[in-house]
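Reading the structure
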Amino acid sequence: MPTNPTTGRRPRVVIIGSGFGGLFAAQRLRKADVDITLVAKTGHHLFQPLLYQVATGIISEGEIAPPTRDILKKQQNATVILGEVVDIDLADKTVTSWLLGRETVHEYDHLIVAAGAGQSYFGNSQFSQFAPGMKSVDDALELRGRILGAFEMAEAATDPAEIDRLLTFVVVGAGPTGVEMAGQIAELARRTLKRNFRNIDPKSARVILLDAAPVVLPPFAEKLQKNAAEQLRGIGVEIQLGAMVTGLDANGLDIKDTGDGTTRRITAATKIWAAGVQASPLGALLAQQCDVQVDRAGRVEVQPDLTLPGHPEVFVVGDMMSLDKLPGVAQVAIQGGRFAADRIAATVAGKSHKEKFEYFDKGSMATISRYKAVADLGKIKVTGFLAWAMWLLVHLVYIVGFKSRLTTTFSWVVSFLGKGRAQRVATQQQVYGRLALEKLGPDFEVAQSGGLHGSAADPVRIDAPADRTVA
Ligand SMILES: Cc1cc2nc3c(=O)[nH]c(=O)nc-3n(C[C@H](O)[C@H](O)[C@H](O)COP(=O)(O)OP(=O)(O)OC[C@H]3O[C@@H](n4cnc5c(N)ncnc54)[C@H](O)[C@@H]3O)c2cc1C
């Protein structure tokens, strides 16, 4: 679709999300003859795979969350808009976003939806109060506050049972995120916090990794699953498999054994939820409008070219899409975002392009702790230090921006060669902020929108043609 001779306007591409799918799509379109609007509810591009390092004080949040508008500042055809998308109208070809009471309507000729996924508590959303997930910078900082705070409270406590409760950390979900988190809490307790306390021995902290599944790292090869479990046990992580969480409160978790059905309780102050994902609700919104299904995780079933049926102009990529059982990993989002961008660029230029999205699996990795990891590269399986060195390199390559790479490398040197962790700040806002806001409920939304939420908030229509009225 060349420049419209009537309006003199170039084709408009709206991208929802500044994660791996959205950002890499925008960058791929840098030479295309289009105008891009990237709308995201966060002003940064978050490198989620390193959130656990923010939560455990190795790196700062800024190192893995560079500002999106800074990343795209030299890309003249891209505009970044901060706002939460609250509506997509496929018939009208508009996306509506919301920021502090201001509604903006973006018109598009091509749309890439890459809004990712949030945490799923499998129908038990009440667990979230006591067991934060790890999907955002807020989550990681809250967890850091809770983890470090538990050691502080244990130092001040006198009752041995209470000290045990405070020094028990339970990570629910033994996928890569859970494994990495459990490994790092163990290392924090045994290495970093050594000699920091007078009344407690942080080394005595109990770190439990549990999962209803019978293995750790379910998507990995059996050999690596066993090796990962061995490495975890070697650094003091207790692994409980076939353990389903049936209840969770401030003081602990109720567990049902999936084998014999017996129940038990683990007393623990700090619980971390790394067990499931739920795609952005924008997926269901799209599905309703074009008669497609969403799967159990709320992901939209897309066509082989990542578009919606009857809407060749709308792509859904990354954690939000369901296609050929592809996993929710960064490479699927990056490759999907680039594929969508290439197709749009080809359409605009009147050229042909590949009909189907073909995913190239580059393998999977998970770190256990310092110098320990597993890497599944198809036929090649690597463990221990070599896997860890490969993990380090790959993550450095994919961290966006030279400055972030440099500072992350420095933080890793401090933590991995030395014993220290530079980011041990924990504030009250980190620990209590989320729950306080949740308690405020609708009152907070009114305050947030300056009292305009839901009323005539002077909506703006971006690129609205002269003959259309402001919505
Ligand atoms: C803790 C953790 C560890 C991980 N580790 C690995 C790993 O080691 N290797 C790996 O390959 N993958 C890993 N993943 C998965 C990987 O990060 C995701 O698959 C990838 O981020 C998906 O990219 P995406 O673009 O689909 O979504 P995301 O990266 O989640 O981006 C979604 C974007 O959409 C925005 N957004 C959401 N809703 C709205 C809305 N309504 N309006 C506007 N904007 C919106 C968000 O602000 C964000 O910018 C990990 C994930 C987590 C959470």
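Being a predicted model, the structure only gives us computed values, none of them experimental.

Where helix 1 (residues 20-28) contacts helix 9 (residues 330-349), the two axes come as close as 7 Å, and the packing angle between them is 35°. As helix 1 packs across helix 9, the resulting crossing turns out to be right-handed. For the pair formed by helix 1 and helix 9, the contact residues are F20, G21, G22, F24, A25 and R28 on the first element and A330, A333, I334, G336, G337, R338, A340, A341 and D342 on the second. Of the residues in the contact of helix 1 with helix 9, the class split is 8 nonpolar, 4 polar and 3 charged.

Another point: the site of the ligand. Around the ligand, the structure places 33 residues, and the nearest of them are G17, G19, G21, G116 and G318. Of all the secondary structure elements, the ones that give two or more residues to the shell around the ligand are helix 1, strand 2 (35-40), strand 4 (84-89), helix 6 (176-192) and helix 9. The class makeup of the residues in the shell around the ligand is 16 nonpolar, 13 polar and 4 charged. Inspection of the shell around the ligand shows a minimum of three residues originating in each of domain 1 (12-41 + 83-119 + 279-349) and domain 2 (125-275 + 370-417).

Looking now at the pairing of strand 19 (residues 311-316). Relative to strand 19, strand 7 (residues 110-113) runs parallel, the two being bridged by 3 bridges. Within strand 19, the residue paired with L111 across the bridge is V314. Here strand 18 (residues 307-308) runs beside strand 19; their pairing, made up of 2 bridges, is antiparallel. The partner of T307 across the bridge, within strand 19, is F315.

Now for unusual backbone geometry. One non-glycine residue with positive phi stands out, namely R195, at about 65°. As for its position among the elements, R195 is in the loop between helix 6 and strand 10 (206-211). Backbone geometry at D291 places phi at a positive 55°, although glycine is not the residue there.

Looking now at the packing of helix 4 (residues 137-156) against helix 12 (residues 428-440). With their axes 7 Å apart at the nearest point, helix 4 and helix 12 run at an angle of 120° to one another. The angle between the axes of helix 4 and helix 12 places the two elements in the oblique class. Crossing angle aside, the handedness with which helix 4 passes helix 12 is left-handed. Of the residues in helix 12, those touching helix 4 at D138, L141, E142, R144, G145, R146 and G149 are Q430, V431 and R434. Broken down by class, the residue content of the contact of helix 4 with helix 12 amounts to 2 nonpolar, 3 polar and 5 charged.

To continue, consider the environment of P218. Along the chain, P218 falls in the loop between strand 10 and helix 7 (222-234). Other than its neighbours up to four places away in sequence, P218 contacts G175 and A213.

Along the chain, Q231 falls in helix 7. Of the residues examined, Q231 has 23 C-beta atoms within 10 Å and is grouped as buried. Expressed as a C-alpha distance, the spacing of Q231 and I368, which sit 137 residues apart in the sequence, is 7.0 Å. With residues up to four places along the chain from it excluded, the contact list for Q231 reads I368 and K372.

In this model, the protein carries a mean pLDDT of 91, and residues with pLDDT of at least 70 account for 93%. Segment residues 450-457 is flagged for pLDDT under 50; beyond a separation of four residues in sequence, or across chains, it makes 11 contacts in the model. Taken together, the stretch residues 464-471 has pLDDT below 50 and engages in 8 contacts with residues farther than four places along the chain or on a different chain.

This next bit is on the nonpolar core. Membership of the largest hydrophobic core comes to 130 residues, with the highest contact counts inside it found for V113 and V316. No other element matches the 9 residues that helix 9 contributes to this core. A domain-level breakdown of this core finds at least three residues from each of domain 1 (12-41 + 83-119 + 279-349) and domain 2 (125-275 + 370-417). Beyond its immediate stretch of four places on either side in the chain, V113 contacts I16, L282, L286, F315, V316 and M320.

Basis of the calculations
- Residues numbered from 1 in each chain as written.
- Predicted model: local features only at pLDDT ≥ 70, side-chain atom pairs only at ≥ 80, totals over all residues.
- Axes fitted to C-alpha atoms, helices over the stretch in contact; angles between N-to-C directions.
- Helix = DSSP H or I, 4+ residues; strand = E, 2+ residues; numbered from the N terminus.
- Left-handed = near helix turned anticlockwise from the far one by under 90°.
- Contact = placed C-beta atoms within 7 Å.
- Nonpolar A, V, L, I, M, F, W, Y, C, P; charged D, E, K, R; others polar.
- Near = placed C-beta within 6 Å.
- Domains from an automatic or database assignment.
- Pairing = 2+ DSSP bridges.
- Parallel < 35°, antiparallel > 145°, perpendicular 65-115°, else oblique.
- Buried ≥ 20, exposed ≤ 12 C-beta atoms within 10 Å, placed from the backbone.
- pLDDT = per-residue confidence, 0-100.
- Core = buried A, V, L, I, M, F, W, Y, C linked by C-beta atoms within 7 Å.

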